[in-house]
Amino acid sequence: MAGKESEFDDELDPLANPGQNNKDGKNSGTKRQAVPTSFFPRTQSKMVTVVQDEQSMMGRFGWYELAGVFLPRIFRLKSDSFVSVRIAERMIFSRFFQLLPNEVVICPTIHSYRVTEVEARLLNEINTRHADCFFGKDTFTTKDLVVKEDEVDQYYQFLDMCSRKMILKKSSEKDKCGFLRIGGTSDVPYTEVEGIKYMPVFYFEGAIDQSMCLTLRGWDWAYLRFCCKVQGVKDDLIASNCCESVALHDLREYFPLETTFVEYWPAKDYISRVVSKMTTQPGSWTRVITNPEGKKFQGKLTLIKEFPLQLTGLTPYKAQKALIENKPVKCLNIRPYQFMEVMVTLPHMVDHLFPSFTEEQVGDMMVSLGVVMYKGNKGQLEVIKQERWEDTYEQVPLVTVRDILANMQNLKNAVKAGDLGGKRAKGT
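The shown structure was predicted, so the numbers you read here are calculated from the model rather than taken from an experiment.

Thresholds applied
Residues numbered from 1 in each chain as written. Predicted model: local features only at pLDDT ≥ 70, side-chain atom pairs only at ≥ 80, totals over all residues. Heavy atoms only, no water. Helix = DSSP H or I, 4+ residues; strand = E, 2+ residues; numbered from the N terminus. Buried < 20%, exposed > 50% of the residue type's maximum accessible area, 1.4 Å probe, protein only. Contact = heavy atoms within 4.5 Å. Areas by Shrake-Rupley, 256 points an atom, 1.4 Å probe, with all protein chains shown as cover. Polar contact = N/O pair within 3.5 Å; in protein donor to acceptor, adjacent residues only side chain to side chain. Axes fitted to C-alpha atoms, helices over the stretch in contact; angles between N-to-C directions. Left-handed = near helix turned anticlockwise from the far one by under 90°. Nonpolar A, V, L, I, M, F, W, Y, C, P; charged D, E, K, R; others polar. Core = buried A, V, L, I, M, F, W, Y, C linked by side-chain atoms within 4.5 Å. Pairing = 2+ DSSP bridges. Patch = residues over 30% accessible without salt bridge, like charges linked within 9 Å, V, L, I, M, F, W, Y side chains within 5 Å. Salt bridge = Lys/Arg side-chain N within 4 Å of Asp/Glu carboxyl O. Phe/Tyr/Trp six-rings, centres within 6.5 Å; stacked < 30°, edge-to-face > 60°.

Q: Break down the overall build of the chain for me, citing the residues and quoting the values.
A: Looking only at helices and strands, the chain has 13 helices and 18 strands in total. For the chain, the residues scored as buried account for 47% of the 428 residues in total. Put simply, 72% of the contacts in the chain that link residues at least 6 apart link residues at least 24 apart. About 22200 Å² of surface is accessible on the chain, with carbon and sulfur atoms providing 50% of the total.

In structure tokens form, the structure reads like this:
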């Protein structure tokens, strides 16, 4: 084992970006980590079971009305209420998905969660015994998703406004977003936050004092991003989960007093249902969160280098599926134009292969086995963002399938022994 460790420690990682240095100026991302003599973390902490679906075990559920339709709600922990993604799509959102471009549908970041077996049974009971299969004849399983009830409400309001503006060409003073035509020439999008109009700073090429800026996130950013999509703003400017903005009253200071700011909405938008090349797939408007507790991997990630790209029309990186332990897992290629060697995100790995454990546990275990955890290069990040694989990470951890397969038996042994360290995931 000692000889193997020495040999492994000296091997340069061909995927690492040689420019990724540590604080000492040494290249910390070019050497593979050595395989430790002990495979498993020596953790003495007790496993704690937190029953998130206790309310469903007792058969508790409720109803709430949205757009004239009554939807069933289930409860997690004490009072958090959730709605089935499938039911919300079927009863509320499907008509919007048929009218609006996918680029608009996925503007908000909405987190969804897998249902437990108990919750799936309760949803089936609600549908068959209380609704006479009104929500469809397909059985609910642990592959189904739920979202928070207030997110469903917010999403309906968002899609309703987008539909009115894009399809019906109708605007209202109560709309949360729109455009201002500045000085009769420049059209700048805005969103309203507590009655104040905010506009993206990147429209003004660094002329705005940063102390005046407000960082927009969540639904505020979703509405502003929608307007940017309508106007055809480049994706790389609006790909982040937040946006620096400036208030209208502060912006006026940069213009002459006679400058006009007139409410405006374009007669033609940059995207439309006809032009859009993407269709809205079931559940694609949400991001599946595999760790409701938020136990994310906090370890070091090695940046994958920028490989040379060909001047052709070929796509260098693309989303695929790899069969691991007879389970199809979403993946993408490591090197451009080479689609046999692939890697998966840590959330997908945990979700499909080790659903009873957290990403923190599985990620730490992989590191203890000498596995390098990566973060994608620019081309790979484009695919990850397009496929909405970020989960709640700023930079989602990536693991090569080669490393997963090479360490699968060790991982299985750790799972069997309950020796992944830390606490078990919720509902287990």
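Q: Mind laying out the environment of Glu-359, listing which residues take part and the relevant values?
A: Its place among the elements puts Glu-359 in helix α10 (residues 359–368). In sequence terms Glu-359 and Gln-298 are 61 residues apart; their C-alpha atoms lie 9.3 Å from each other. Within the structure, the side chain of Glu-359 is placed 3.3 Å from the side chain of Lys-296, a separation counted as a polar contact.

Q: Which residues make up the packing of helix α3 (residues 85–99) against helix α6 (residues 149–166), and what values go with them?
A: To characterise two packed helices, one gives the angle between the axes of the helices and the distance between these axes. Interaxial distance between α3 and α6 falls to 10 Å at its minimum, and their mutual angle equals 35°. Here α3 runs over α6; the crossing is left-handed. Judged by residue contacts, Ile-92, Phe-93, Arg-95, Phe-96, Phe-97 and Leu-99 of α3 engage Val-152, Tyr-155, Tyr-156, Leu-159, Asp-160 and Ser-163 from α6. Of the residues contributing to the contact of α3 with α6, the split by class is 9 nonpolar, 1 polar and 2 charged.

Q: I'd like a description of the nonpolar core, backed by residues and values.
A: Leu-71, Phe-93, Tyr-155, Phe-158, Phe-226 and Trp-285 are the most contacted members of the largest nonpolar core, which has 53 residues in total. Ignoring any residue separated from it by four or fewer positions in sequence, one finds Trp-285 in contact with Val-85, Glu-89, Phe-93, Phe-97, Val-105, Ile-106, Ile-110, Val-147, Tyr-155 and Arg-388. Counting residues in hydrophobic clusters, the runner-up holds 41 residues, among them Leu-332, Val-371, Tyr-374 and Leu-411.

Q: Lay out the sheet that holds strand β2 (residues 69–76) in plain terms, naming residues and giving numbers.
A: Pairing is mixed in the open sheet, where 6 strands are placed in the order β1-β2-β3-β5-β4-β12. Of all the strands in the sheet, the pair left with one neighbour each is β1 (61–66) and β12 (287–288). Bridge count between strand β3 (residues 80–84) and strand β5 (residues 145–148): 3 bridges; the pairing is antiparallel. By the bridge assignment for β5, Ser-84 is matched with Val-146.

Q: Explain the sheet that holds strand β11 (residues 261–264) to me, and be specific about the residues and the numbers.
A: Strand order in this open sheet of 6 strands is β9-β10-β8-β7-β6-β11, and the pairing throughout is antiparallel. Two strands bound the open sheet, and with one partner strand each, they are β9 (213–216) and β11. Within the sheet, the average angular offset between the axes of one strand and its neighbour, ignoring direction, is 45°. Along the sheet, helix α7 (residues 218–231) makes contact with β6 (177–182), β7 (186–193), β8 (196–200), β9 and β10 (243–247), crossing β7 at roughly 160°.

Q: Explain a nonpolar patch on the surface to me, and be specific about the residues and the numbers.
A: Residues Val-51, Met-57 and Met-58 make up a contiguous nonpolar surface patch of about 300 Å² in total accessible area. Relative to the assigned elements, Val-51 resides in the loop between α1 (2–9) and α2 (54–57). Accessibility expressed as a relative area gives 34% for Val-51, which makes it partly exposed.

Q: I'd like to hear about the packing of aromatic side chains, residue by residue, with values.
A: Any aromatic ring pair is given by two values, namely how distant the centres are and how the planes are angled relative to each other. Counted by the stated rule, this structure contains 19 aromatic pairs. Ring centres of Phe-158 and Phe-226 lie 6.1 Å apart, and the angle between their planes is 80°; this geometry places the pair in the edge-to-face category. Here Phe-226 lies in helix α7 and Phe-158 lies in helix α6, a separation of 68 residues in the sequence. The exposure class assigned to Phe-158 is buried, which follows from its relative accessible area of 0%.

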